[in-house]
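Structural features, examined
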Amino acid sequence: MPKIIPVPDELSQPFWDAVNEQRLVLQNCTACDKLQYPPKADCQVCGSADYLEWKEVEGKGHVATYIVIEDGRLNRRMLDQPYNLALVTLDQDPTVNFYSNLPGVPPYEVPLGAAVEVTFEEVAPGQLIHEWQVVE
């Protein structure tokens, strides 16, 4: 499946730099001790912009739910249909979610509640993305 090549901006650059080092970092608000993803200018809980820092997280989660894309309109992904789009909940903070197509899992065969872990895939020279894979 074709992957989107990220174009980091000033806010997301630390996230993508860590991904390129095969690490998963999220913003953490030290005022309210809350992780957040995707990166934002202020804390989504308390609104503080002064207490955001980057924190490395474990990269383990669970499949909360999923859908199968059968008739998506994105030209670059039409040839891959049908494909899974799973919602992954981070174990370290269940309010943080990621989306993944769960590489290696056939459409319609997503194991709900399954443990997953972050992996990293090269999508361009020197550029990795984060992906989630089911842990056997």
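These lines cover the structure that appears in this document, whether it is placed above or below.

**Points about the pairing of strand E6 (residues 97-100)**
Side chains Phe98 and Ser100 project from E6 onto a buried face, and the interleaved Asn97 and Tyr99 project onto a face without burial. Bridge analysis of strand E5 (residues 83-90) against E6 gives four bridges, and the strand direction is antiparallel. Each residue of the ladder has a partner; that of Thr89, found in E6, is Asn97. The hairpin formed by E5 and E6 contains six residues between the paired strands.

**Here's the deal with the pattern of salt bridges**
Under the defined criterion, the tally for this structure stands at three salt bridges. For the salt bridge of Glu21 with Arg23, the shortest nitrogen-to-oxygen distance reads 2.9 Å. With relative accessibility at 28%, the residue Arg23 sits in the partly exposed group. Here Arg23 makes a salt bridge to Glu56, at a shortest N to O gap of 3.3 Å. One end of the pair, Arg23, is in the loop between helix H1 (13-20) and strand E1 (25-29); the other, Glu56, is in strand E3 (residues 52-56), and 33 residues separate them in sequence. Among the residues examined, Glu56 registers a relative accessible area of 47% and is labelled partly exposed. A single salt-bridge network, built from bridges that share partners, covers Glu21, Arg23 and Glu56.

Criteria and cut-off values
Residues numbered from 1 in each chain as written. Predicted model: local features only at pLDDT ≥ 70, side-chain atom pairs only at ≥ 80, totals over all residues. Heavy atoms only, no water. Buried < 20%, exposed > 50% of the residue type's maximum accessible area, 1.4 Å probe, protein only. Helix = DSSP H or I, 4+ residues; strand = E, 2+ residues; numbered from the N terminus. Pairing = 2+ DSSP bridges. Salt bridge = Lys/Arg side-chain N within 4 Å of Asp/Glu carboxyl O.

These values are about where atoms sit, not about what they do.
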